[in-house]
Amino acid sequence: MKISLTQKYNVPGPRYTSYPTVPYWNESDFTSEKWITTLQKSFIESNSKNGISLYIHLPFCESMCTFCGCNKRITKNHSVEEKYIQAVLKEWKMYCDLLPEKPVIKEIHLGGGTPTFFSKENLESLINGIFKNAVKAANHEFSFEGHPNNTTYEQLKKLYDLGFRRVSFGVQDYSATVQKAINRIQPFHNVAKVTFWAKEIGYTSIGHDIIFGLPFQTIEDVIDTVEKTNSLKPDRLAFYSYAHVPWIKGNGQRGFNDENLPKDSEKRKLYEIGKKLLIQNGYHEIGMDHFALEDDSLYKAAHNRKLHRNFMGYSASKTQVMIGLGVSSISDSWYSFAQNTKSLEEYYEIIESDRLPVVKGHILNNEDLIIRKHILNLTCELETSWTAESLNFAELPEVLIALKEIENDNLIVIKNNKIKITEEGRPFVRNICMAFDLHLKRKSPETNLFSMTV
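Fair warning: this is a prediction, and the values are worked out from it, not measured in the lab.

Break down the packing of aromatic side chains for me, citing the residues and quoting the values.
Tallied over the entire structure, the rule returns 23 aromatic pairs. Seen in terms of ring centroids, Y9 and F428 are 5.4 Å apart; in terms of plane orientation they differ by 55 degrees. Their pairing is tilted. Of this pair, Y9 sits in helix α1 (residues 5-9) while F428 sits in the loop between β19 (418-421) and α15 (429-436), placing them 419 residues apart in sequence. In this structure Y9 comes out as buried when scored by relative accessible area, which is 8%. Assessed through its relative accessible area of 4%, F428 is described here as buried. Considering the side-chain rings of F60 and Y84, the 5.6 Å spacing of their centres and the 80 degrees angle between planes classify their relative orientation as edge-to-face. With F60 in strand β2 (residues 60-61) and Y84 in helix α3 (residues 80-98), the pair connects residues that are 24 residues apart, well separated along the chain. Ring pairing ties together the aromatic residues F60, Y84, F117, F118, Y347 and Y348, which thus form one cluster. A cation sits over an aromatic face here: K41 above Y335, 4.8 Å from the ring centre. The ring of F131 is capped by K136, whose NZ or CZ atom sits 5.5 Å from the centre of that ring.

Talk me through the nonpolar core; I want residue IDs and the actual numbers.
Counting 55 residues, the largest nonpolar core has Y84, W92, I105, L110, F164 and Y203 as the members making the most contacts within it. The element that contributes the greatest number of residues to this core is α3, accounting for nine residues. Among the nonpolar cores identified, the runner-up in size contains 48 residues, and Y299, L376, I412 and V454 belong to it.

Basis of the calculations
Residues numbered from 1 in each chain as written. Predicted model: local features only at pLDDT ≥ 70, side-chain atom pairs only at ≥ 80, totals over all residues. Heavy atoms only, no water. Phe/Tyr/Trp six-rings, centres within 6.5 Å; stacked < 30°, edge-to-face > 60°. Helix = DSSP H or I, 4+ residues; strand = E, 2+ residues; numbered from the N terminus. Buried < 20%, exposed > 50% of the residue type's maximum accessible area, 1.4 Å probe, protein only. Lys NZ or Arg CZ within 6 Å of the ring centre and 35° of its normal. Core = buried A, V, L, I, M, F, W, Y, C linked by side-chain atoms within 4.5 Å.

This is the structure in structure tokens:
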């Protein structure tokens, strides 16, 4: 029996928010001192030209969503807010003391957890504290993730006054059955309310995150969710494939069984139907899993070939340096990656001892840097080229051999030292990137590491 392309290519694989991917970092060759050296080098090269990005992880949530694989701490005790913010600001001051001049901040993203767990007063203290040691870029883009159930008008207004113009609301799915399974009870009314508030206040980019492949999710559920989304007309959308990774410690993915999940072609059909409806309503597909209206900065960046991808996902702001603050955050100097401890208690302990809470990372070698460029090209522009000698690497011939079957399936076109992903190949971008992933080729995972690609 002939199998479908979805069945053929639906294998475990990375999401490529970095290269090398975290499981393949060379931790034995990494030290905090090496991380700081590469950060200083990259900062000097880029701060005055492009500025830097900041990712701030705010880990607290009032309840556990059982689809979530993020680093979080479940609590209803809001007295934890102030201590955490003071620790983050101390970490930031330590970074600023290592840099030769004030950072110019082009991009801030508040992620989590639930950033809107924090009061407007504490969010204001956080942002004002950041800018005691930094300046805003003229064309900055500040964004945050908001939970529709607890985001208040006052929080939205305060963050707007502090320079935020983009907000992303986690929706996932409007089906009562699905919401119960993932422990995310969230009425449409709540999403509509915060969306209208954000528009009224003046946010220029309002995003909704929805997910396909959730437990018990049907075609009717996706149609209903997308139609409700279209009625609110957010400027951009993330339409993610649910990443089922129940083996990750503490991720909470235990509220349903594997047999409750749509799989392979059934799951992919959910995306294709949602995509068709979104395109009919004026949205354009951007890279992997994203859609935007033509007046949104994400569409403009893609149209102008300036789209970037990092640990925060797709971004219209391309910076060479991204500093991650807070528990579990990952930083990127372009030449290296560094991750903070995932333990909140250890994070506090290290900060109190006046040390950066970096516990692991990876220093990129020349091969890593070349392949990283190819993977960024594929995920952002759906094509890459090695016409320039600087984009050649020793194992490129073997990579091209590995891509031959993908080409035979009409997912890519290889011509004149260039690869272009076809429309049929868009669902398989991660698989195409995997052909370039030499770390993955040299050492296949012996245990579960990645979610399925399609």
